[in-house]
Amino acid sequence: MTEFWLISAPGEKTCQQTWDQMMAATTRNNNLSTNHKFNIPDLKVGTLDVLVGLSDELAKLDSFVDSVVKKVAQYMADVLEDSRDKVQENLLANGVDLVTYITRFQWDMAKYPIKQSLKNISEIISKQVSQIDNDLKSRASAYNNLKGNLQNLERKNAGSLLTRSLADIVKKEDFVLDSEYLITLLVVVQKAAYTDWQKSYEGLAEMVVPRSSHLLFEDHDSGLFSVTLFLKAVDDFKHKARENKFVVRDFQYNEEDLKADKEEMTRLSTDKKKQFGPLVRWLKVNFSEAFIAWIHIKALRVFVESVLRYGLPVNFQAMLLQPSKKTMKRLREVLNDLYKHLDSSASAIIDCAMDIPGLNLSVQEYYPYVYYNIDCNLFDFKV
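Residues numbered from 1 in each chain as written. Predicted model: local features only at pLDDT ≥ 70, side-chain atom pairs only at ≥ 80, totals over all residues. Heavy atoms only, no water.

Each helix and strand counted, the protein chain has 11 helices and eight strands in total. The C-alpha atoms of the protein chain give a radius of gyration of 34 Å, which is well past the 21 Å a tight globule of 383 residues would have. Projected onto its principal axes, the C-alpha positions of the protein chain cover 105 × 40 × 35 Å. For the protein chain, buried positions account for 43% of its 383 residues. Partitioning the contacts of the protein chain with sequence separation of at least 6, the portion at a separation of at least 24 is 79%. When the accessible area of the protein chain is evaluated, it comes to approximately 21,000 Å², of which 50% is carbon and sulfur surface. For the protein chain, the distance from the average position of its 49 positive side-chain charges to the average position of its 52 negative side-chain charges is 4 Å. (Helix = DSSP H or I, 4+ residues; strand = E, 2+ residues; numbered from the N terminus. Rg over C-alpha atoms; globule rule 2.2 N^0.38 Å. Buried < 20%, exposed > 50% of the residue type's maximum accessible area, 1.4 Å probe, protein only. Contact = heavy atoms within 4.5 Å. Areas by Shrake-Rupley, 256 points an atom, 1.4 Å probe, with all protein chains shown as cover. Lys, Arg positive; Asp, Glu negative; His and termini not counted. Charge placed at Lys NZ, Arg CZ, Asp CG, Glu CD.)

What follows covers a nonpolar patch on the surface. Judged by side-chain polarity, Tyr181, Met207 and Phe230 come together as a nonpolar surface patch covering roughly 300 Å² of accessible area. Position of Met207 relative to the elements: it lies in the loop between helix 6 (194-200) and strand 4 (214-218). Among the residues examined, Met207 registers a relative accessible area of 37% and is labelled partly exposed. (Patch = residues over 30% accessible without salt bridge, like charges linked within 9 Å, V, L, I, M, F, W, Y side chains within 5 Å. Salt bridge = Lys/Arg side-chain N within 4 Å of Asp/Glu carboxyl O.)

All right, on to the side chain of Ser122 then. You can see Ser122 is positioned in helix 5 (residues 118-156). For Ser122, a relative accessible area of 5% translates into the label buried. Dropping the residues within four chain positions of it, Ser122 is found in contact with Leu54, Leu58, Leu61 and Leu300.

Let us now look at the side chain of Arg301. With respect to the helices and strands, the residue Arg301 is situated in helix 8 (residues 255-310). When its relative accessible area of 15% is taken as the criterion, Arg301 is described as buried. Residues within four places of Arg301 in sequence aside, it is in contact with Leu58, Ala59, Asp62 and Tyr372.

Below, the discussion takes up helix 9 (residues 328-339). Look at helix 9: 16 Å from first C-alpha to last across 12 residues, which is about the 16 Å you get at 1.5 Å a residue. Inspection of helix 9 places Met328, Leu331, Arg332, Val334, Leu335, Asn336 and Tyr339 among the buried residues, and these make up the whole buried set. (Expected span 1.5 Å × (residues − 1).)

What follows deals with the confidence of the model for the protein chain. On average, residues of the protein chain score 91 in pLDDT, and 94% of them are at 70 or above. Per-residue pLDDT stays below 50 along residues 352-363; that stretch engages in four contacts with residues further than four places along the chain or on separate chains. (pLDDT = per-residue confidence, 0-100.)

With that settled, consider the pattern of salt bridges. Enumeration according to the criterion identifies 18 salt bridges in this entry. As a salt-bridge pair, Lys111 and Asp108 come within 3.5 Å of each other at their nearest N and O atoms. The class for Lys111 is partly exposed, based on a relative accessible area of 26%. A residue is classified by how much of its surface remains accessible, and Asp108, at 19% relative accessible area, is buried. As a salt-bridge pair, Arg330 and Glu333 come within 3.3 Å of each other at their nearest N and O atoms. Linking Arg330 with Glu333, this pair stays in helix 9, spanning three residues, or about one helical turn. On the basis of relative accessibility, which here comes to 43%, the residue Arg330 falls in the partly exposed class.

When two helices pack together, their arrangement is captured by the angle between the axes and the distance separating the axes. With their axes 8 Å apart at the nearest point, helix 2 (residues 48-80) and helix 8 run at an angle of 155° to one another. With respect to helix 8, the element helix 2 is oriented roughly antiparallel. For the pair helix 2 and helix 8, the sense of crossing is left-handed. Per-class residue counts for the contact of helix 2 with helix 8 are 28 nonpolar, one polar and six charged. (Axes fitted to C-alpha atoms, helices over the stretch in contact; angles between N-to-C directions. Parallel < 35°, antiparallel > 145°, perpendicular 65-115°, else oblique. Left-handed = near helix turned anticlockwise from the far one by under 90°. Nonpolar A, V, L, I, M, F, W, Y, C, P; charged D, E, K, R; others polar.)

Ile125 and Phe291 are the most contacted members of the largest nonpolar core, which totals 64 residues. Counting residues per element, the ones that place at least two in this core are strand 1 (3-10), helix 2, helix 4 (98-103), helix 5, helix 8, strand 7 (316-323) and strand 8 (370-375). The element best represented in this core is helix 8, accounting for 18 residues. Within the second largest apolar cluster, 19 residues are counted, among which are Leu185, Val187, Trp197 and Val227. (Core = buried A, V, L, I, M, F, W, Y, C linked by side-chain atoms within 4.5 Å.)

The next point concerns the packing of aromatic side chains. In this structure the tally under the stated criterion is 18 aromatic pairs. With a centroid separation of 5.1 Å and an interplanar angle of 35°, the aromatic rings of Phe175 and Tyr253 are classed as tilted. Of this pair, Phe175 sits in the loop between helix 5 and strand 3 (182-190) while Tyr253 sits in the loop between strand 6 (247-249) and helix 8; the two residues are 78 residues apart in sequence, bridging distant segments of the chain. Here Phe175 matches Tyr253 in class, with each residue buried. When the ring of Phe287 is compared with that of Phe291, the centres are 5.9 Å apart and the planes differ by 25°; the resulting orientation is stacked. Taken together, the residues span about one helical turn, with Phe287 and Phe291 both in helix 8 at a distance of four residues. The two residues Phe287 and Phe291 agree in class, both being buried. A cation over a ring is seen here: Arg332 above Trp5, with NZ or CZ 3.8 Å from the ring centre. We note Arg332 situated over the ring of Tyr371; from NZ or CZ to the ring centre the distance is 4.2 Å. (Phe/Tyr/Trp six-rings, centres within 6.5 Å; stacked < 30°, edge-to-face > 60°. Lys NZ or Arg CZ within 6 Å of the ring centre and 35° of its normal.)

So, in structure tokens, the structure goes:
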């Protein structure tokens, strides 16, 4: 599982003692979770009013950055298409996998200087991630347009002979061109009807050139035949062909148009390949940036909430717990027992949460200790 619980509890005599107590309760006898200390530096506290306002702002920012992280990851999977198994190896934070980054978290002093106020740090993160979000939208739009145009052309060059482009099938020598009297038509004939076609095409109208039909191409179901006749007989021929379930394609040979189609296909394919590498590199770099920003927001939220809950001077231990799915319920009970003395009202809230219709989720997730969830499952599908 790649879900973590980021919690904090006040320092007892020392923060180490708080850590030891939590370790004893969760690992010594029952192995409920894998635990790591989560290092948060000495940040500037500011006033109580600012902290209260910041608590709400950080909750919104957390949700926004989480959505950008997921968008970048999802788009990486979309861009890699057939190589989706390579998605995880491209989704790194600071060059390491996400679990390693979180469990060895160190505050980035260069990006987020701790001499700045908490509000300034949150604004730096907000601007940075908003820029990533905007850039993603414009890059994705450009790449998706290119990909869509290419797919449309590819669709035209595939599928049934009744609808597909014939540009890569027919050649100039298949047609009678520049004649005042003659024209070459292209007819789609089901494979089961080949014999009927050969026997009947010369009699479908007057003025069909004898022995002028040739099989140019075939797929699983049908074949494309050419036939040459006089211009004045075209309407009659089409009518009789339809009655016999032979389909005349509406096609006129134009070398310039066919050449333009092929060149457009080549150009789009080349452009897509050119853009692919730089786009994947941009996604890798900016996924890392957004994910790092997200974990720094979690650290900010723990710091702010711990000061609001436990008071000053700052004295708390932040801890990262990685439970398994089987142990989650039991781990929650153990933590509630361990920390219920911190806030007796929390137990009452937890007990009655189920009975209050329309109760806000944030209230249901209120515990006597500071708690935030970090879920690294970034996809709706299995990569």
